[in-house]
Amino acid sequence: MIPLRLAVRNFMCYREPPALDLRPIRIACLCGDNGHGKSALLDAITWALWGRARGGSQDELIHRGRTEMSVELDFSARDRLYRVSRRRSTGRAGRGATVLELQVDSGGRMVPLTGNTVRETEAAIRELLHMDYETFVNTALLLQGRADMFTASAPAARKQVLAEVLDLGYYESLAVRARERARERDQGIAALDATLEAHAPEIAARPRYEAELAERGAELAGVEAELAAAREEVGRLGARAERLGASRAQLATIESRLGEARADAEALAETARAHGARIAELASLTARSGEIAAGLERLRRAREARDAMDRALETVRALEAERAEAEREAAVARERARAEASARREAVERLEAAAGRVGELEALGSSIVADRDRAADLAAAAERGRRDLARLRAERESLDARTEELVERMRETRSRFDLLAAGDAHCPVCRQALGAEGADHLRSEFEGRGREARRLHAENRERAAGLDGEIDRAQAAAERAAAEAEEASRRAERRAAQVERDLAAAREAAGRLGAEREALAALEERAGRVDPGGGLGDALAAVDARLGELGYDPAAHEDARREATGLEPYAELGAALARAEADLPRERAGRESALEMADRRGREIEADEGAAAELRALIADLPALEERLAAARGGAAGLDARRGELAADVGALRERVARCERLEARAAEARRRRDELADERSIYGDLARAFGRNGIQAMVIETAIPQITSSASDLLGRLSGGAMSVRLELGEGRRERGSGEPTERLDIRVADERGDVRSYELFSGGEAFRINLAVRIALSRMLAARSGAPLPVLFIDEGFGSQDAAGQDRLREVINSIQDEFQKILVITHIEAIKESFPVRIEVEKTPSGSTFAVT
């Protein structure tokens with residue numbers, strides 16, 4: 001991974017500095033005063049890639065007073081350009097949200113590789129870089145205060161860190177996959193064994209199934225022969241029974257026909273009798289024809305008189321309805337005239353009331369000007385409140401910046417005070433050792449600076465709390481004033497519009513008042529008349545004249561109705577006489593036809609009775625024959641049922657024998673497959689052991705340790721002027737729980753100029769830093785040798801302050817000597833003598849608006 005471009009926003013001490021272009025830089029120094037943000041740039045790189053940096057939670061990395069931060073990093077890996085962008089924002093109740101995006105350059109266009117979740121995208125980045133955060137800080141980055149992460153790890157943990165640096169996780173994944181494959185083969189073998197065991201009893205029963213099949217087959221052949229003879233007897237008896245059954249059916253048909261013929265003969269006799277009775281009835285009615293004709297004539301005359309009276313009554317009722325309608329219209333006209341007069345009177349009263357407000361509304365117009373002036377005063381007050389709020393906020397931001405500077409100053413003072421307390425004090429300017437008096441002088445000076453900074457910090461915090469209250473009050477007052485000004489303006493405009501509308505309506509009412517009063521007088525005069533519409537008397541007189549002309553008599557009308565009702569029976573008698581004269585010939589013809597058909601049906605009955613007697617004699621022995629046929633059929637059915645049972649048994653036994661044959665074939669295949677799985681299980685077990693910790697991994701580590709030892713001893717000798725050398729040794733550690741097997745530990749042994757060998761843990765200060773740097777660069781060299789190309793980057797964060805002048809010179813010489821082994825080297829320091837040695841410097845500076853940097 002080679003960083004090419006870094007852009008940060010609201011990250012730690014940075015607000016919005018320019019993007020840092022690292023593409024033209026090969027070796028450079030990142031310099032600036034302590035606390036100005038040098039290490040924060042490296043934190044930005046690790047946070048963008050792995051979501052980790054120095055410090056506590058991610059939200060603590062957000063710039064003070066801000067709620068979100070972002071880092072965008074362009075880098076090259078595997079000869080391709082990638083871009084990673086990570087953003088973090090805080091929410092309510094301390095809940096934050098992170099957005100992580102990964103892109104790759106494809107023909108000048110960035111194509112997304114982002115996963116469905118942040119965790120998936122981080123896994124993709126680790127897969128792309130072949131390292132996680134811990135491996136990075138153990139190989140490519142010497143973080144401030146963490147340069148000894150590999151060397152200071154416990155001996156038992158160093159081997160695991162070295163395995164991660166050597167990317168031995170690939171072999172471990174192969175071992176895991178081999179063990180999984182071996183377990184799969186074990187499961188397959190167990191399944192095949194269970195199958196063979198389950199099928200063994202049924203395969204062993206095959207001889208018994210074959211013997212039973214032969215026995216049931218012989219019995220089935222005998223039953224089938226008996227069944228054939230029984231079916232032949234059933235066929236013979238059935239044919240004879242079928243013939244006699246046909247005769248019985250013929251007899252039943254004749255007997256049914258006889259019953260129908262006898263019923264028909266009786267019905268025909270009854271029909272002839274009915275025709276005779278009807279003929280007598282019709283003849284009696286035709287004898288009264290003269291009497292019925294006279295009655296019909298009287299009925300006609302009575303109906304004509306009644307209908308004339310009905311028409312006269314309808315005319316009388318129509319004239320009376322016409323008279324009532326004329327009277328109703330006159331009443332409606334009078335009521336309508338009174339309603340119109342009342343409505344017009346109310347309209348005149350409303351117009352009088354509206355016209356009376358003209359003077360009052362004209363006087364209200366002058367008060368609108370005062371309302372608008374008050375609204376303008378409130379708006380000016382609101383604007384002054386907004387300016388006061390902006391001034392307080394600017395003062396608060398300036399105070400935050402000063403407070404942050406005081407915090408950084410107190411940290412720096414504390415750091416220097418701690419160096420004095422360590423007993424190895426040097427002058428911060430000339431780097432010469434200080435005596436007890438000089439140390440006391442500096443300690444007193446640092447204590448004074450610390451007290452002054454704490455005092456100013458407390459004053460700033462107190463002032464900030466006061467400003468927060470003033471800002472809240474000012475913001476509330478400004479918002480309240482703005483709301484009051486806006487409401488006053490709206491009220492003034494609404495009132496002015498309402499007064500203008502009311503005044504226009506009052507003036508219009510005054511103009512219409514005279515015409516409305518005249519219309520009201522006319523309506524009141526018309527409502528006082530008896531006949532407002534006119535013409536009522538003439539209509540009523542015409543109706544009375546027509547009633548007199550009709551001369552309608554209700555008593556005579558009633559007499560005509562009674563007479564017509566009494567003569568109505570002659571209408572029915574006349575209709576019955578006409579029907580009788582038409583029906584009498586038909587009735588006589590029907591009687592003759594019924595008598596003739598009854599005679600013919602009697603002759604048919606005599607013939608059918610003779611045929612029936614012959615058939616009864618023929619089918620006399622049919623019941624005995626049917627009993628023999630039923631018995632024969634029962635025997636055949638029993639034999640057929642037994643044949644079915646035996647056939648089912650034979651089929652089942654044949655299927656069992658066939659299943660045994662199939663199971664024997666499957667068992668042979670299962671045994672063959674089990675042998676294959678056993679061979680594969682043995683191979684995968686060998687692979688799991690070969691790829692495991694004690695196989696290829698142990699061989700790689702054992703090969704790498706001498707390379708690391710040689711390279712680290714060479715570098716440590718150059719860093720210490722030939723006084724020190726280092727050696728990495730593998731040894732046996734404590735036994736693992738459960739397995740009881742011993743673990744391995746990786747010890748670091750250091751020899752000094754006298755030849756004394758001590759553990760790394762016994763060194764501290766400048767010597768420990770040289771050991772850390774030598775081992776770290778040796779790891780990087782080994783990785784470069786394994787990859788066949790120069791290791792991309794090397795970051796060294798501080799560490800020079802722990803060295804004297806000679807140690808610093810040696811560090812510079814070592815860095816210069818190894819620069820060809822790396823594509824980029826970035827050294828972080830605040831020491832002037834060191835940074836002047838580098839051709840390119842990235843100067844970091846803290847400003848009131850956040851830290852920034854410049855490349856020189």
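Residues numbered from 1 in each chain as written. Predicted model: local features only at pLDDT ≥ 70, side-chain atom pairs only at ≥ 80, totals over all residues. Heavy atoms only, no water.

1. A look at the overall build of the protein chain
When helices and strands are tallied, the protein chain shows 17 helices and 15 strands. The 856 residues of the protein chain split such that 35% are buried. The long-range share in the protein chain, meaning contacts at least 24 apart out of those at least 6 apart in sequence, stands at 73%. For the protein chain, the exposed area adds up to about 48200 Å²; of that, 50% sits on carbon and sulfur atoms. (Helix = DSSP H or I, 4+ residues; strand = E, 2+ residues; numbered from the N terminus. Buried < 20%, exposed > 50% of the residue type's maximum accessible area, 1.4 Å probe, protein only. Contact = heavy atoms within 4.5 Å. Areas by Shrake-Rupley, 256 points an atom, 1.4 Å probe, with all protein chains shown as cover.)

2. Observations regarding the packing of aromatic side chains
This structure, assessed with the given rule, holds four aromatic pairs. Seen from their ring centres, F11 and W47 are 5.8 Å apart, and the 40° between their planes marks the pair as tilted. Of this pair, F11 sits in the loop between β1 (2–9) and β2 (20–21) while W47 is found in helix α1 (residues 38–50), placing the two residues 36 residues apart along the sequence. With respect to burial, F11 and W47 carry one shared label: buried. Centroid distance F75 to Y82: 5.7 Å. Interplanar angle 15°. Geometry classified as stacked. Of the two residues examined, F75 and Y82, each falls in the buried class. R86 extends its terminal NZ or CZ atom over the ring of W47, reaching a point 5.7 Å from the ring centre. (Phe/Tyr/Trp six-rings, centres within 6.5 Å; stacked < 30°, edge-to-face > 60°. Lys NZ or Arg CZ within 6 Å of the ring centre and 35° of its normal.)

3. Some thoughts on the sheet that holds strand β6 (residues 96–106)
In sheet architecture, strand pairing relies on hydrogen bonds along the backbone and comes in two forms, parallel and antiparallel. Sheet architecture is open: six strands sit in the order β2-β1-β4-β5-β6-β7, paired in antiparallel fashion. Among the strands making up the open sheet, the edge pair consists of β2 and β7 (109–112). Two elements, strand β5 (residues 80–90) and β6, share nine bridges in a ladder whose sense is antiparallel. Among the inter-strand pairings, S89 is bridged to a residue of β6, identified as A97. (Pairing = 2+ DSSP bridges.)

4. Some details on the side chain of N10
When you line up the elements, N10 lands in the loop between β1 and β2. A polar side-chain atom of N10 sits 3.3 Å from a polar atom in the side chain of E68. Excluding residues within four positions of it along the chain, N10 makes contact with R15, L61, I62, H63, R66, E68 and M69. (Polar contact = N/O pair within 3.5 Å; in protein donor to acceptor, adjacent residues only side chain to side chain.)

5. With respect to the pattern of salt bridges
Under the defined criterion, the tally for this structure stands at 59 salt bridges. The partner of R603 in a salt bridge is D599, and the shortest N-O contact between them spans 2.5 Å. Here the residue R603 and the residue D599 both occupy positions in helix α12 (residues 569–618), the gap between them amounting to four residues, near one helical turn. When its relative accessible area of 46% is taken as the criterion, D599 is described as partly exposed. A salt bridge links D714 to R718; its shortest N-O distance comes to 3.3 Å. Of this pair, D714 and R718 both sit in helix α14 (residues 696–719), four residues apart, which is roughly one turn of the helix. Judged by its relative accessible area of 39%, D714 falls in the partly exposed class. Residues joined by salt bridges that share partners form a network here, namely D310, E558, D559, R561 and R562. (Salt bridge = Lys/Arg side-chain N within 4 Å of Asp/Glu carboxyl O.)

6. Description of the packing of helix α6 (residues 206–286) against helix α13 (residues 622–691)
At a minimum axis separation of 6 Å, α6 and α13 run at an interaxial angle of 155°. Between α6 and α13, the crossing angle belongs to the class labelled roughly antiparallel. Where α6 crosses over α13, the handedness of that crossing is left-handed. The class makeup of the residues in the contact of α6 with α13 is 22 nonpolar, three polar and 23 charged. (Axes fitted to C-alpha atoms, helices over the stretch in contact; angles between N-to-C directions. Parallel < 35°, antiparallel > 145°, perpendicular 65-115°, else oblique. Left-handed = near helix turned anticlockwise from the far one by under 90°. Nonpolar A, V, L, I, M, F, W, Y, C, P; charged D, E, K, R; others polar.)

7. What to know about the packing of helix α5 (residues 169–204) against α6
The contact between α5 and α6 brings their axes to 5 Å, and the two run at 35°. Contact with α5, carried on its side by E202, I203 and A204, involves R206, P207 and Y209 of α6 and no other residues of that element. Of the residues contributing to the contact of α5 with α6, the split by class is four nonpolar, no polar and two charged.

8. Points about the state of the cysteines
Under the definition given, this model contains zero disulfides. Note on C29: no disulfide assigned, nearest cysteine sulfur contributed by C31 at a separation of 4.4 Å. A relative accessible area of 0% means that C29 is categorised as buried. (Disulfide = S-S within 2.5 Å.)

9. Side note on unusual backbone geometry
Unusually for a residue other than glycine, N10 sits at a positive phi of about 60°. Residue N10 is classed as buried on the basis of its relative accessible area, which comes to 4%. The backbone of R78 sits at a positive phi, close to 55°, despite the residue not being glycine. On the secondary structure map, R78 appears in the loop between β4 (68–77) and β5.

10. Quick notes on the nonpolar core
Counting residues in hydrophobic clusters, the biggest one holds 49 residues, and the most contacted among them are L162, L166, I708, V750 and I771. Per element, the largest residue contribution to this core is ten residues, and it comes from helix α15 (residues 765–787). Residue contacts for V750: discarding those within four places in its chain leaves L716, M724, S725, V726, D756, V757, R758, Y760, F763 and I771. With 48 residues, the next largest nonpolar core counts Y14, I125, Y133 and V793 among its residues. (Core = buried A, V, L, I, M, F, W, Y, C linked by side-chain atoms within 4.5 Å.)

11. A short note on the side chain of K38
The residue K38 is located in helix α1 in this model. Among the polar contacts made by the side chain of K38, one reaches the main-chain carbonyl oxygen of G32 at a distance of 3.0 Å. Looking at K38, its side chain comes within polar contact range of the main-chain oxygen of D33, at 3.2 Å.

12. Concerning the pairing of β6
In the sheet, β6 pairs with β7 via four bridges, with the strands oriented antiparallel. From the neighbouring strand, Q103 faces β7, where its bridge partner is P112. Hairpin connection of β6 to β7: two residues between the antiparallel strands, including G107 at a positive phi of 65°.

13. Observations concerning the confidence of the model for the protein chain
In the predicted model, the protein chain carries a mean pLDDT of 79, and the fraction of residues at 70 or more is 87%. Of the regions scoring below 50 in pLDDT, residues 143–147 engages in twelve contacts with residues more than four places distant in sequence or in other chains. (pLDDT = per-residue confidence, 0-100.)

14. Let's talk about the environment of E832
Here E832 lies in helix α17 (residues 832–835). Given the relative accessible area of 45%, E832 is considered partly exposed.

15. Quick look at helix α11 (residues 554–566)
Helix length check: α11, at 13 residues, gives a terminal C-alpha distance of 19 Å against a target of 18 Å (1.5 Å per residue), a fit within 8%. Those residues of α11 lying buried are H557, A560 and A564. Down the axis of α11, the smallest arc covering the buried residues is 65°, so these residues share one side. Of the residues in α11, the exposed ones pointing more than 90 degrees away from the buried face are R562, T565 and G566. Packed against the buried residues of α11 are α7 (289–355). (Expected span 1.5 Å × (residues − 1). Arc of directions from axis to C-beta.)

16. A short note on the environment of V71
Topologically, V71 is positioned in strand β4. With 13 residues separating them in the primary sequence, V71 and V84 have C-alpha atoms 8.3 Å apart. If we ignore the near neighbours within four places in the chain, the residues touching V71 are L6, A7, V8, F11, A44, W47, A48, V84, S85 and R86.

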